[in-house]
Amino acid sequence: MEYRLIRSGRKTIAVQVKDGEVIVRAPNRAPRAQIDAFVARSEKWILQKLREQEACRERLEKEGVKKLTRQELEALAQEAARVIPERVAYYAPLVGVTYGRITIRCQKTRWGSCSAKGNLNFNCLLCLAPPEVLDSVVVHELCHRLEMNHSDRFYREVLRVCPDYRRSYGWLKEHGGELLVRLP
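Let us look at the structure shown here.

Conventions and cut-offs
- Residues numbered from 1 in each chain as written.
- Predicted model: local features only at pLDDT ≥ 70, side-chain atom pairs only at ≥ 80, totals over all residues.
- Heavy atoms only, no water.
- 1 Å grid on protein atoms, 1.4 Å probe; cavity = no way out; pocket = protein on both sides within 12 Å on 5 of 7 lines; lining within 4 Å.
- Points joined across faces, edges and corners; volume = space filled by probe spheres on them.
- Helix = DSSP H or I, 4+ residues; strand = E, 2+ residues; numbered from the N terminus.
- Nonpolar A, V, L, I, M, F, W, Y, C, P; charged D, E, K, R; others polar.
- Core = buried A, V, L, I, M, F, W, Y, C linked by side-chain atoms within 4.5 Å.
- Buried < 20%, exposed > 50% of the residue type's maximum accessible area, 1.4 Å probe, protein only.
- Contact = heavy atoms within 4.5 Å.
- Pairing = 2+ DSSP bridges.
- Axes fitted to C-alpha atoms, helices over the stretch in contact; angles between N-to-C directions.
- Salt bridge = Lys/Arg side-chain N within 4 Å of Asp/Glu carboxyl O.

**Side note on the layout of surface pockets**
Which parts of space are left empty comes out when a probe the size of a water molecule is rolled across the atoms.
Right, on to step 1. In this structure, the largest pocket occupies an estimated 1,800 Å³ of space.
Right, on to step 2. What lines the largest pocket is a set of 40 residues, among which Gln53, Lys108, Gly176, Gly177 and Leu180 lie closest to the centre.
Right, on to step 3. Every element with two or more residues in the lining of the largest pocket is listed here: strand E2 (14–18), helix H2 (43–63), helix H4 (131–143) and helix H6 (165–180).
Right, on to step 4. For the lining of the largest pocket, the element with the most residues is H2, which contributes eleven residues.
Right, on to step 5. The residue inventory of the lining of the largest pocket, partitioned by class, reads 15 nonpolar, nine polar and 16 charged.

Structure representation (structure tokens):
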């Protein structure tokens, strides 16, 4: 099976299927035979992901989902820069945290992130999702100000503030790809 290999200082081997491409991330010193064996053991999962992505691409093509124009993307980023900070300001006291800078990006792989310094990043495409989905991502990132992990304690806090979090997370898993493919 063909794949693109990215070596780094990481400690484990990981496989990712993105846009129909198989990407393997491996430690700098991992022998090629070990990497190939890992890929072979992951083949069933890889093929399933490739089929899912192709089916999604075909369905979106059939439905006529169009890429956002540069102007549409700029307008969306402006809307996100207005809406998301309002939602962060609303939820931060409910979570019981402070935060640093808020940055809006057009990302192909993440909905949000939180740095150790408390800076928050959000994907402008969240403004195309239902409002409760956007709110769930905001709460998720704010809760990282309490727990910089995805432990049971972290999710208890998320669910305390956002009881419908699992439904919103499910919406993103099911429909998020439809939003991401709209990026130019």
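**Considering the nonpolar core**
Right, on to step 1. Val88, Trp111, Phe122, Leu134, Val138, Val139 and Leu142 are the most contacted members of the largest nonpolar core, which has 35 residues in total.
Right, on to step 2. Of all elements in the fold, only helix H3 (70–95), strand E6 (120–123), H4, helix H5 (152–161) and H6 reach the threshold of two or more residues within this core.
Right, on to step 3. With nine residues, H3 is the single largest residue contributor to this core.
Right, on to step 4. Contact partners of Val88, with chain neighbours within four places excluded, come to Tyr99, Ile102, Leu120, Phe122, Val138 and Leu142.
Right, on to step 5. Grouped together as the second largest cluster of nonpolar side chains are eleven residues, Val22, Ala26, Ala30 and Val39 included.

**Some points on the pairing of E2**
Right, on to step 1. Side chains Val15 and Val17 of E2 all project onto a buried face; the interleaved residues Ala14, Gln16 and Lys18 project onto a face where none is buried.
Right, on to step 2. The pairing of E2 with strand E3 (residues 21–27) spans five bridges and is classified as antiparallel. Directly across from Val17, in E3, lies its bridge partner Val22.
Right, on to step 3. Between the antiparallel neighbours E2 and E3 lie two residues, among them Asp19 with a positive phi of about 50°.

**Details of the sheet that holds strand E1 (residues 4–8)**
Right, on to step 1. Ordered by their spatial adjacency, three strands build an open sheet running E1-E3-E2, and the pairing between neighbours is mixed. Looking at strand neighbours, the two that pair on one side only are E1 and E2, the edges of this open sheet. If you compare each strand with its neighbour and ignore which way they point, the axes differ by 25° on average.
Right, on to step 2. Its contacts with the sheet place helix H1 (residues 32–41) against E1, E2 and E3, and it is angled at close to 125° to E1.
Right, on to step 3. Helix-sheet contacts for H2 involve E2 and E3, and the interaxial angle to E2 is about 15°.

**Some details on the pattern of salt bridges**
Side-chain pairs of opposite charge can arise whenever the charged atoms involved come near each other.
Right, on to step 1. Following the criterion strictly, the structure yields seven salt bridges and no others.
Right, on to step 2. Of the charged contacts, one joins Lys49 and Glu52 as a salt bridge, the two residues approaching to 3.4 Å between their closest N and O atoms. Here the residue Lys49 and the residue Glu52 both occupy positions in helix H2, the gap between them amounting to three residues, near one helical turn.
Right, on to step 3. When its relative accessible area of 26% is taken as the criterion, Lys49 is described as partly exposed.
Right, on to step 4. Residue Glu157 pairs with Arg160 through a salt bridge whose shortest N-O separation is 2.5 Å. With a gap of three residues between them, Glu157 and Arg160 both fall in helix H5, about one helical turn apart.

Limitation: the analysis is restricted to geometry and does not speak to function.
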